[in-house]
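# Residue-level structure breakdown
Each chain, letter by letter, is given below.
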Amino acid sequence: MNNFPFYYFMSLQLGRTSFGDPANAGHLPSREEAMDLFHDWVKNDRLKLHMLQVAWLMGSWARNNEGLDESGVWKWELAGLLHDADWDQWPDQHCRKIIEELERRGVDPEVIRAIASHGPRHFGVDPETKMDKMLYAFDELSGLIHAYSLMRPEGYSGMELKGVKKRLKEKSFAANVNREEIADAAERAGISVDDLVSFIVLHQPSAKN
Ligand SMILES: [Fe+2]
């Protein structure tokens, strides 16, 4: 999720930890169907870019680090693509609304679960699978790295780990990005923040806009 100040004053707890129907395992919408939902629900270009970046990172990780086939890659990508789909128009129903929509459409429960667990503190659902954990790990950190790219004349080009780490320590930089969540997500994924940063810096510039 993208953190906005009023976010903290709302309860977004989902009150459940089981999502979707196991009978729908393997059922994924087509890319066209998913993009239609994406464009219908999300009007904010900044948020769209964030969701596309996270989708791209998820797909890249699934392909390069999990060795998944195209259907597996699309599954991961889909979770990234739609994880904030309801944030733009229904922030007070964030996560709940997209979960219910994907359940209604009979989408693979693993995709729904990943979306439901991308903010454990907010939604009350712990990331369990690798896909859950990577979505949580990429979400906030990719936002900070994108913010850093916007303040560099060269954008992502030549970006170094030490530069990102300096911004991470600088609390006033991209102040909405929650540093505790970044550390928590990395720990849960069992991947160092350094490795996550390096992966994002390498892959994020290729995210489709
Ligand atoms: Fe997000």
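Here we summarise the structure given alongside this text. (Residues numbered from 1 in each chain as written. Predicted model: local features only at pLDDT ≥ 70, side-chain atom pairs only at ≥ 80, totals over all residues. Heavy atoms only, no water.)

Here we take up the packing of aromatic side chains. Within the structure shown, the criterion is met by 5 aromatic pairs. Centroid distance F138 to F199: 5.7 Å. Interplanar angle 25 degrees. Geometry classified as stacked. Placement of the pair is F138 in helix α7 (residues 130-151) and F199 in helix α10 (residues 193-203), with a sequence separation of 61 residues. Comparing F138 with F199, the two get one shared label, buried. (Phe/Tyr/Trp six-rings, centres within 6.5 Å; stacked < 30°, edge-to-face > 60°. Helix = DSSP H or I, 4+ residues; strand = E, 2+ residues; numbered from the N terminus. Buried < 20%, exposed > 50% of the residue type's maximum accessible area, 1.4 Å probe, protein only.)

Our next topic: unusual backbone geometry. Residues other than glycine seldom take positive phi values, yet C95 does so here, at roughly 85 degrees. For C95, the location among the structural elements is in the loop between α3 (70-82) and α4 (96-104). In the Ramachandran plot, A174 falls in the positive-phi region, its phi being about 45 degrees despite a non-glycine side chain. Structurally, the position occupied by A174 is in the loop between α8 (161-169) and α9 (179-189). In this structure A174 comes out as partly exposed when scored by relative accessible area, which is 25%.

Moving on, we come to helix α5 (residues 109-116). For α5, a buried count of 7 out of 8 residues is recorded, marking the element as mostly surrounded by other parts of the structure. Of the surrounding secondary structure, the elements contacted by the buried residues of α5 are α3, α4, α6 (120-123) and α7. (Contact = heavy atoms within 4.5 Å.)

Moving on to the packing of α3 against α5. Contact geometry of α3 with α5 gives a least axis separation of 9 Å together with a crossing angle of 40 degrees. As far as their axial angle goes, α5 and α3 are oblique. In this structure, the crossing between α3 and α5 has a hand that is right-handed. On α5, the residues touching K75, L78, A79 and L82 of α3 are E110, V111, A114 and I115. The residue makeup of the contact of α3 with α5, split by class, is 6 nonpolar, no polar and 2 charged. (Axes fitted to C-alpha atoms, helices over the stretch in contact; angles between N-to-C directions. Parallel < 35°, antiparallel > 145°, perpendicular 65-115°, else oblique. Left-handed = near helix turned anticlockwise from the far one by under 90°. Nonpolar A, V, L, I, M, F, W, Y, C, P; charged D, E, K, R; others polar.)

Any two packed helices are characterised by how steeply their axes cross, that is the angle between the axes, and by the distance between the axes. Closest axis-to-axis distance for the α4/α5 pair is 10 Å, and the angle between their directions is 180 degrees. Classified by the angle their axes make, α4 and α5 are roughly antiparallel. Of α5, the residues touching α4 (which contributes I98, I99, L102 and E103) are I112, I115 and A116. Classifying every residue of the contact of α4 with α5 gives 6 nonpolar, no polar and 1 charged.

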